[in-house]
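Report on the structure
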Amino acid sequence: MRVALISAEAVPYSKTGGLGDVAGALPKALTRIGIDAVLITPLYLQTKRGYLETAVIDDLDIDWRGGRYKAKAFYSRANGSPTFLIDAPEFFYRDSIYGYTEDYERFAFFCRAALTLVRLLGTPPEILHLNDWHCGFAAAELFERRRYDPFWAKTRSVFSVHNMAYQGGFDLGELWKLDFASERARNAFALNGYASAMKAGLEVSDMLSTVSRRYAIEIQTPEYGYGLDWLTRLRADRLIGITNGIDYEVWNPETDPELPANYSLADLSGKSTCKQFLLEKFGLPVDLNLPLIGSISRLTAQKGIDLIMQAAQEILETGACLISLGSGEKRYEEFWQSLRDYAPQQVAIYRGYSEPLAHLIEAGSDIFIMPSKFEPCGLNQMYSLRYGTIPVVRAVGGLDDTVEQWDAVNQKGNGFKFTPFEASAFVEKIYEALFVYADTESLAAIRKNGMAADNSWENAATKYLDLYRKAASL
């Protein structure tokens, strides 16, 4: 089976969130199970040029807004699978990947360029795997082209929703400029008087997926559907949730080069070394008996930082230490700074993002907190499980799918989760996690359960293969 995956970002070439992790890891996992997979993504100003092998196509000639636009396509295997990066400086050489009023036009162009490139690569793919609103344009274009272009006649589309909150909205009057002039196309994009690229992808794609089983259900509700729940309910028979995996080559405490000591389920002694190194690095008291609670997060309302703010005093009163890695909204950054100033012997912060430090926090922490307001999938809870760190999460999206509530009687489960978006419920689960941490036998059992869980991309890739086969049969 030939599959072309199209994504606005993909690790290691670009990343702003979970979409980049998924799009970078899935093609590699698909390749391992025998799929002829190719990834297409933009070449941004931020992309390291050392990843690029050669300009495979120097004159990628693209129909665009009534004329022709010449771009380039570079080849790479830096993510472990064949990848083509579209080089179009006018669209992608910006100070940041997103955040511009014409983002809809930039990614409409990217989709047109990606489809042009796929055609040049030869045999039509059975599947176009399109990711998030940025690729809604490609879904609509394939939908139109299949009517008159034999090349695309047997190609089917799979559209994956990574975050329903972002829908790629723009003025309906812009559609004709983007070559979506037909009534069919206008109807696909139209939503309450404006155009939505997310809506187009959901409406015309052959199969739909989300990044966790729970999220597939949640986006059919008004609370999480963001005005499109009626459409996801209408197409529920084409919608499936597949929980993301994590790259076990990158996130593996036995081989992780970012750690001062490696460890495994059979020998956890290195985890204490990581904790000591982390405490020393941040200037916190080196008392290995005190619980250490980690947080790695974009500082936004989605991530439940408000609950951490409300619960902070009660957490500190337990004697635990807190380490936060992340940046985002000013009020949340100021909260973490003020908390650190208030309790410098218990709180440490790093404003920004550091991949090596993220690995160290996952390994050195005893407990990891993710009280998200909503979380389509989430990855850090799976990193925590892999590294023997107890996750405390809110039971939404992929957090609910991957974290199993600890059962002290039967010694089953791998973490703690709460449902109401309330600080009291959050604090209660932190207390429960601290009780387990204080009990040697229970701590060993919950760590064993977490580290034994199979959250690999290979496991997820087989489920995507089943989805592709279903789409191809339509």
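The present account deals with the structure reproduced in this document. (Residues numbered from 1 in each chain as written. Predicted model: local features only at pLDDT ≥ 70, side-chain atom pairs only at ≥ 80, totals over all residues. Heavy atoms only, no water.)

Brief notes about the overall build of the protein chain
Put simply, the rule reads: Counting from the N terminus, the helices are the DSSP runs of H or I reaching at least four residues and the strands are the DSSP runs of E reaching at least two. As defined in this context, the radius of gyration uses C-alpha atoms, and a globule is described by 2.2 Å times the residue total to the power 0.38. In this scheme, a residue with accessible area under 20% of its type's maximum is buried, one over 50% is exposed, and one in between is partly exposed, where area comes from a 1.4 Å probe on protein chains only.
The helix and strand inventory of the protein chain stands at 18 helices and 18 strands. On C-alpha atoms alone, the protein chain measures out to a radius of gyration of 23 Å, which is about the 23 Å that the 2.2 N^0.38 rule sets for 474 residues. The dimensions of the protein chain, computed from C-alpha atoms along their principal axes, are 70 × 45 × 40 Å. When the 474 residues of the protein chain are sorted by exposure, 61% land in the buried category.

Description of the nonpolar core
Operational definition: We define a nonpolar core as any set of buried Ala, Val, Leu, Ile, Met, Phe, Trp, Tyr and Cys residues linked to one another through side-chain atoms lying within 4.5 Å. A contact between two residues is defined here by any heavy atoms of the two lying within 4.5 Å.
Formed by 67 residues in total, the largest nonpolar core has its most connected members in I6, F109, F137, F189 and L202. With 11 residues, helix α3 (residues 103-120) is the largest single contributor of residues to this core. Each residue touching I6, except ones within four places of it in the same chain, is listed here: I40, F110, A114, L115, L128, H129, L130, N131 and C135.

Section: the sheet that holds strand β9 (residues 190-191)
Our working definition: The pairing criterion is simple: DSSP has to find at least two bridges between the two strands. Angles here are taken between N-to-C directions and fall from 0 to 180 degrees, while the axes themselves are lines fitted to C-alpha atoms, restricted in helices to the stretch in contact.
If you trace the 3 strands from one edge of the open sheet to the other, you get β8-β10-β9, paired in antiparallel fashion. Each of the sheet's edge strands pairs with one partner strand only, and the pair in question is β8 (169-170) and β9. Relative to strand β10 (residues 194-196), β9 runs antiparallel, the two being bridged by 2 bridges. Each residue of the ladder has a partner; that of A190, found in β10, is A195. Helix α6 (residues 197-204) rests against β8, β9 and β10 of the sheet, and its axis sits at about 60 degrees to β10.

So, the sheet that holds strand β16 (residues 367-370)
Taking strand neighbours across the sheet as the criterion, the 6 strands line up as β15-β14-β13-β16-β17-β18 in an open arrangement whose pairing is parallel. With one partner strand each, in any of the chains shown, β15 (347-351) and β18 (416-418) form the two edges of the open sheet. Taken over all neighbouring pairs, the strand axes of this sheet differ in orientation by 15 degrees on average, direction set aside. Two strands pair when backbone bridges link them, and strand β17 (residues 390-394) and β18 are joined in this way by 3 bridges, in the parallel orientation. Within β18, the residue paired with R394 across the bridge is F418. The strands touched by helix α12 (residues 330-342) within the sheet are β14 (321-326) and β15, with β15 carrying the most contacts at an inclination of about 145 degrees.

Structural notes on the pairing of β16
Going residue by residue along β16, you find I367 and I369 tucked away on one face and F368 and M370 tucked away on the opposite face as well. One ladder, built from 2 bridges, connects strand β13 (residues 292-296) with β16; its direction is parallel. Within β16, the residue paired with I293 across the bridge is I367. Here β16 pairs with β17 via 4 bridges, running parallel. If you follow M370 over to β17, its bridge partner there is V393.

Focus: the side chain of K199
Considering the arrangement of structural elements, one finds K199 in helix α6. Those residues in contact with K199, other than ones at most four positions away along the chain, are N187, A188, F189, A190, L228, W230 and L231.

Topic: empty space enclosed by the protein
To be explicit about the condition: A cavity, in this analysis, means grid points on a 1 Å lattice covering only the protein atoms where a 1.4 Å probe fits yet has no way out; a pocket is instead an open set bounded by protein on both sides within 12 Å along at least five of seven lines, and a residue lines either one if it has an atom within 4 Å of a point. Grid points are joined across faces, edges and corners, and a volume is the space filled by probe spheres set on the points. Residues are grouped as follows: Ala, Val, Leu, Ile, Met, Phe, Trp, Tyr, Cys and Pro are nonpolar; Asp, Glu, Lys and Arg are charged; every other residue, Gly included, is polar.
Counted by the stated rule, this structure contains 2 cavities of 30 Å³ or more. Here the largest cavity is characterised by a volume of approximately 50 Å³. Taken together, L299, S324, G326, E333, W336, I349, Y350 and R351 make up the full set of residues lining the largest cavity. For the lining of the largest cavity, the secondary-structure elements that each account for two or more residues are β14, α12 and β15. Broken down by element, the lining of the largest cavity gets its largest block of residues, 3 residues, from β15. The residue makeup of the lining of the largest cavity, split by class, is 4 nonpolar, 2 polar and 2 charged.

Focus: the layout of surface pockets
In this model, the second largest pocket occupies a volume close to 320 Å³. Residue lining of the second largest pocket: 16 residues in total, with D63, R112, E141, R145 and Y148 positioned closest to the centre. Mapped by element, the contributors of at least two residues to the lining of the second largest pocket are β3 (54-64), α3 and α4 (136-145). Element by element, the count of residues in the lining of the second largest pocket is highest for α3, at 4 residues.

Notes on the environment of E362
Among the secondary structure elements, E362 is positioned in helix α13 (residues 355-364). By relative accessible area, E362 is classed as buried at 0%. For the pair formed by E362 and Q337, sequence separation is 25 residues and the distance between their alpha carbons is 21 Å. Residues contacting E362, with those up to four places away along its chain left out, are W251, K271, I296, F368, N380, Y383, S384, Y387 and T389.

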